[in-house]
Amino acid sequence: MKILILGAGQVGATLAKYLGSDNDNDITIIDKDESNLSNLQRHLDVKTVCGHASYPNVLEEADIKNMDMVIAVTRSDEGNMLACQMAHTLYQVEKKVARIRTAEYLHRKELFSPNAIPIDFIITPEELVTNYIKRVVEEPGAEQVFEFENGLVQLVETRAYAGTPIVGHPIKDLHEHLPKTRVRIVSLYRNGKAIPASGETVIRDGDRVYFMTKKASISKVIKQFRREDKAYRNIIIAGGGRIGLNLAKFLERDHHVRIVEVNKERVSKIADELNNTLVLLGNASDEELLLEEGIESTDLFLALTDSDEINVIVSILAKRLGAHKTIALVKRNVYEDLAKQSEDVDMVISPDQITVSGILAHIRKGDTMMVYSLRQGKSEAIEVIVHGDKHHSDVVGKTIEQINLPDGVVVGSVVRNHEVIMGSRTLVIKEGDHVLLVLTDVSKIHEVEELFERYFD
């Protein structure tokens, strides 16, 4: 696929890195900043064009006429919208994706249609990240929570600890402990490497476990791998930006929430928008301020400022002052690695990884509903709708055991007529099924796409 990315900022660069690693993709990226492009060229096999991403002559230099898709992720909403308009009107590009962040535009859905501004898919990173954090807050003990089929099925990552019911036992014992719970372990990571998750695989202390289950069963399953985590009550948010504000609006109904924001004007603005949240003017790295606000009795500390450095530092400080759990929002890999090496940062959230996941479903072949990028892009979880009959499909009418799935690809579950069925060797795939798969090796994605594509006589 020939893809044109507009904007070589953090999101654009992450997309270029992720999509450029696939030999089937031909990536071109436009940016006004030559240094951003030079950085990418040093590390990736992509074509770059320096210039304004919504100027026709610059788009033509990037060969927009032959592009299958345009992904506009510059810092300007207006520039992204204009570029998509030109891609459609002047160059008939089939697919247009744009990042739009301004609420005033997003509230007017009629703006985005083939007869107005022709954008096929709008990506709003702040909304994606906010929803992601909401799911993690709702499930204490979960490292990550991903939703499929409108929340009917969840993919959860958790860590296994010694002394818990399943650690030291084979995976098959999980069903003996939870006989009435629909759950399937889909992948297992030990010392950073994927290992086969068969029924005989013994869970070890420190393993990262990915399992699928229904939302109502998550806490019950997590208790098999770690001590019970109490629900979060007292929450401090460092940073009153869009993510911090929107998260506080959601959390303040059932939690005791405080926001620490360094900008005086921003403090006044967000205080007017919140009903039951204390907004504090100050720096989250101020030890005295944190102690005054009872950091030692804080269940969850969320570092959500615009600075990676600050988020890592204040998370470490909060943990050492007594916060029960810390979560840091980190964009750049160098700080993500630093945070993960620190025992004081319990969880690292990558907004770019979440944003990429939001775009991938529109790049994958076949009828792909959801895609989640896992393990810094090395793995992937996808939801595919099955089409065709047994004469026009490689999967319809076959059991999972009979389907020639590549190594490292696991069917976690199937949703059929709103019923969740856990994957098993004897499960027969039917037309219309929503099949949820996890790939421990993302390079196998094209083999999976070919399997689930309908073919014609």
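Residues numbered from 1 in each chain as written. Predicted model: local features only at pLDDT ≥ 70, side-chain atom pairs only at ≥ 80, totals over all residues. Heavy atoms only, no water.

- Under an unreviewed UniProt entry, the protein has the name Trk system potassium uptake protein TrkA and belongs to Candidatus Ruthia endofausta.

### Considerations on empty space enclosed by the protein
Then, in step 1: Tallying each qualifying case throughout the model produces one cavity of 30 Å³ or more.
Then, in step 2: In this structure, the largest cavity occupies an estimated 60 Å³ of space.
Then, in step 3: Taken together, eleven residues make up the lining of the largest cavity; nearest its centre are Lys365, Thr368, Ile382, Val384 and Glu449.
Then, in step 4: Listed by contribution, the elements that provide at least two residues to the lining of the largest cavity are strand 19 (379–385) and helix 15 (445–452).
Then, in step 5: It is helix 15 that provides the largest number of residues to the lining of the largest cavity, a total of four residues.
Then, in step 6: Within the lining of the largest cavity, the residues separate by chemical class into five nonpolar, two polar and four charged. (1 Å grid on protein atoms, 1.4 Å probe; cavity = no way out; pocket = protein on both sides within 12 Å on 5 of 7 lines; lining within 4 Å. Points joined across faces, edges and corners; volume = space filled by probe spheres on them. Helix = DSSP H or I, 4+ residues; strand = E, 2+ residues; numbered from the N terminus. Nonpolar A, V, L, I, M, F, W, Y, C, P; charged D, E, K, R; others polar.)

### Some words on the packing of helix 6 (residues 125–138) against helix 14 (residues 351–360)
Then, in step 1: Contact pair helix 6 / helix 14: the axes reach a minimum separation of 9 Å and the direction vectors enclose 105°. Overall, the two elements helix 6 and helix 14 adopt an arrangement that is roughly perpendicular. Of the residues in helix 14, those touching helix 6 at Pro125, Leu128, Val129 and Tyr132 are Pro351, Ile354, Thr355 and Gly358.
Then, in step 2: Looking at the contact of helix 6 with helix 14, its residues break down into six nonpolar, two polar and no charged. (Axes fitted to C-alpha atoms, helices over the stretch in contact; angles between N-to-C directions. Parallel < 35°, antiparallel > 145°, perpendicular 65-115°, else oblique. Contact = heavy atoms within 4.5 Å.)

### Some details on the packing of aromatic side chains
Centre-to-centre distance and the angle between the planes together describe a pair of aromatic rings.
Then, in step 1: Taken as a whole, this structure holds five aromatic pairs when the rule is applied.
Then, in step 2: An angle of 40° between the planes, with centres 4.8 Å apart, marks the rings of Phe146 and Tyr372 as tilted. Remark: Tyr372 occurs in strand 18 (residues 368–374) and Phe146 occurs in strand 7 (residues 144–148); sequence separation between them is 226 residues. Considered together, Phe146 and Tyr372 belong to a single accessibility category, that of buried residues.
Then, in step 3: Each ring, one from Tyr189 and one from Tyr210, has its centre 5.8 Å from the other, and the planes form 70°; the classification is edge-to-face. On the criterion of sequence distance, the pair formed by Tyr189 in strand 9 (residues 183–190) and Tyr210 in strand 11 (residues 208–213) is long-range, its members being 21 residues apart. Of the two residues examined, Tyr189 and Tyr210, each falls in the buried class.
Then, in step 4: Aromatic ring contacts, followed pair by pair, group Tyr132, Phe146, Phe148 and Tyr372 into a single cluster.
Then, in step 5: The side chain of Arg227 reaches across the aromatic face of Tyr161, ending 5.9 Å from its centre. (Phe/Tyr/Trp six-rings, centres within 6.5 Å; stacked < 30°, edge-to-face > 60°. Buried < 20%, exposed > 50% of the residue type's maximum accessible area, 1.4 Å probe, protein only. Lys NZ or Arg CZ within 6 Å of the ring centre and 35° of its normal.)

### Observations concerning the pattern of salt bridges
Then, in step 1: All told, the structure shown has 19 salt bridges when counted by the stated rule.
Then, in step 2: The closest approach of N and O atoms between Glu143 and Arg208, which form a salt bridge, is 3.2 Å. Of the two residues, Glu143 is situated in the loop between helix 6 and strand 7 and Arg208 in strand 11; the sequence distance between them amounts to 65 residues.
Then, in step 3: Residue Arg208 is classed as partly exposed on the basis of its relative accessible area of 25%.
Then, in step 4: Across the salt bridge formed by Asp229 and Arg226, the nearest N and O atoms sit 3.0 Å from each other.
Then, in step 5: Each of the salt bridges in this network shares a partner with another, and the network as a whole consists of Glu143, Arg208, Arg226 and Asp229. (Salt bridge = Lys/Arg side-chain N within 4 Å of Asp/Glu carboxyl O.)

### A few points about the sheet that holds strand 3 (residues 47–50)
Then, in step 1: An order of 3-2-1-4-5-6 is seen for the six strands of this open sheet, with the pairing classed as parallel. One side of each edge strand has no neighbouring strand; the edge strands of this open sheet are strand 3 and strand 6 (121–123). Strand-to-strand, the axes of this sheet are offset by a mean angle of 15°, without reference to chain direction.
Then, in step 2: Across three bridges, the pairing between strand 5 (residues 95–99) and strand 6 is parallel. Residue Arg99 lies in a different strand from strand 6, and its bridge partner there is Ile123. (Pairing = 2+ DSSP bridges.)

### Regarding the UniProt feature "domain: RCK N-terminal" (unreviewed entry) in the protein
Then, in step 1: Here, UniProt's "domain: RCK N-terminal" (unreviewed entry) annotation points to residues 1–123 and 232–349.
Then, in step 2: Structurally, residues 1–123 comprises 36% helix and 22% strand, and the distance from its first C-alpha atom to its last is 20 Å. (UniProt positions renumbered as here; feature names shortened; annotations may be inferred.)

### What to know about the pairing of strand 21 (residues 419–422)
Strand residues, when the strand is regular, have side chains that alternate between the two faces of the sheet.
Then, in step 1: Sheet topology places strand 20 (residues 409–416) next to strand 21; four bridges connect them, and they run antiparallel. When the sheet's bridge partners are listed, Val415 is paired in strand 21 with Val420.

### Topic: the pairing of strand 11
Then, in step 1: The buried fraction of strand 11 is high, at five of six residues.
Then, in step 2: Sheet topology note: the strand 8 (residues 153–159)/strand 11 ladder contains six bridges and is antiparallel. Note on strand 11: the bridge partner recorded for Arg159 is Arg208.
Then, in step 3: Relative to strand 11, strand 9 runs antiparallel, the two being bridged by six bridges. Counted as the bridge partner of Leu188 is Val209 from strand 11.

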